[in-house]
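# Topology and contacts: notes
Spelled out from the first residue to the last, the chains are:
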Amino acid sequence: MKIVVIDGQGGKMGRTVIEQLKKSFPSQELVAIGTNSIATSSMIKAGASLGATGENPILVACRDADVIIGPIAIVMADSLLGEITPAMANAIAASKAYKILIPTNRCNHFIAGCQAVSLTESIRSVCEEVARILE
């Protein structure tokens, strides 16, 4: 199963997701795609199997990903302070991959119905969903 983790800015969310998934599923290949080199580097240091940076790697990775994990902003053009291009958002949204999107009420949007939970709780939920998928 190809799991792609996408993050931007400093890559903290992606790094934490990868650290937790590696603890639970050490042999699972995780592909880290950052919108910038800092995010990619952070996720690789966390244990990602492979990593790349920028728009084209996101477009390519989304073609055959089974699961895409990232902040909800990755499906919104111009989000993450402009790091998500329209092409990136479209490729992620149009991908046939199962998407696990982490809600955040930042970056000038509010997600109605989402309870304010900590990043730790959100990532625990991500890991539980990946476990369900891998079963």
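Right, let's walk through the structure included here. (Residues numbered from 1 in each chain as written. Predicted model: local features only at pLDDT ≥ 70, side-chain atom pairs only at ≥ 80, totals over all residues. Heavy atoms only, no water.)

### Quick word on the sheet that holds strand β4 (residues 67-71)
To be explicit about the condition: Any two strands with at least two DSSP bridges between them are considered paired. Runs of E in the DSSP output that reach at least two residues are strands. Runs of H or I that reach at least four are helices, and both are numbered from the N terminus. Convention adopted: a line fitted to C-alpha atoms gives each axis, helices being fitted over their contacting stretch, and angles between N-to-C directions are expressed from 0 to 180 degrees.
What the five strands build is an open sheet, ordered β3-β2-β1-β4-β5; its pairing is parallel. Two strands lie at the open edges of the sheet, namely β3 (50-53) and β5 (98-102), each paired on one side alone. Neighbour to neighbour, the strand axes of the sheet diverge by 20° on average, direction disregarded. In the sheet, strand β1 (residues 3-7) pairs with strand β2 (residues 30-34) via five bridges, with the strands oriented parallel. Bridged to Ile 3 within β2 is Leu 30.

### Side note on the nonpolar core
In a soluble, globular protein the nonpolar side chains are often hidden away together inside. To keep it simple, the criterion reads: The criterion is simple. A nonpolar core is a set of buried Ala, Val, Leu, Ile, Met, Phe, Trp, Tyr and Cys residues joined through side-chain atoms within 4.5 Å. Burial classes: relative accessible area under 20% of the type maximum marks a residue as buried, over 50% as exposed, and values in between as partly exposed (1.4 Å probe, protein chains only). Here, two residues are considered to be in contact whenever any of their heavy atoms come within 4.5 Å of each other.
With 21 residues, the main nonpolar core has Val 17, Ile 18, Leu 21, Ile 69, Ile 100, Val 126 and Val 130 as its most contacted residues. Those elements giving two or more residues to this core turn out to be β1, α1 (12-24), β2, β4, β5 and α6 (119-134). Take this core: its biggest share by element is five residues, from α6. The contacts of Val 17, once residues within four sequence positions are left out, are Val 5, Ile 69, Ile 102, Ile 123 and Val 126.

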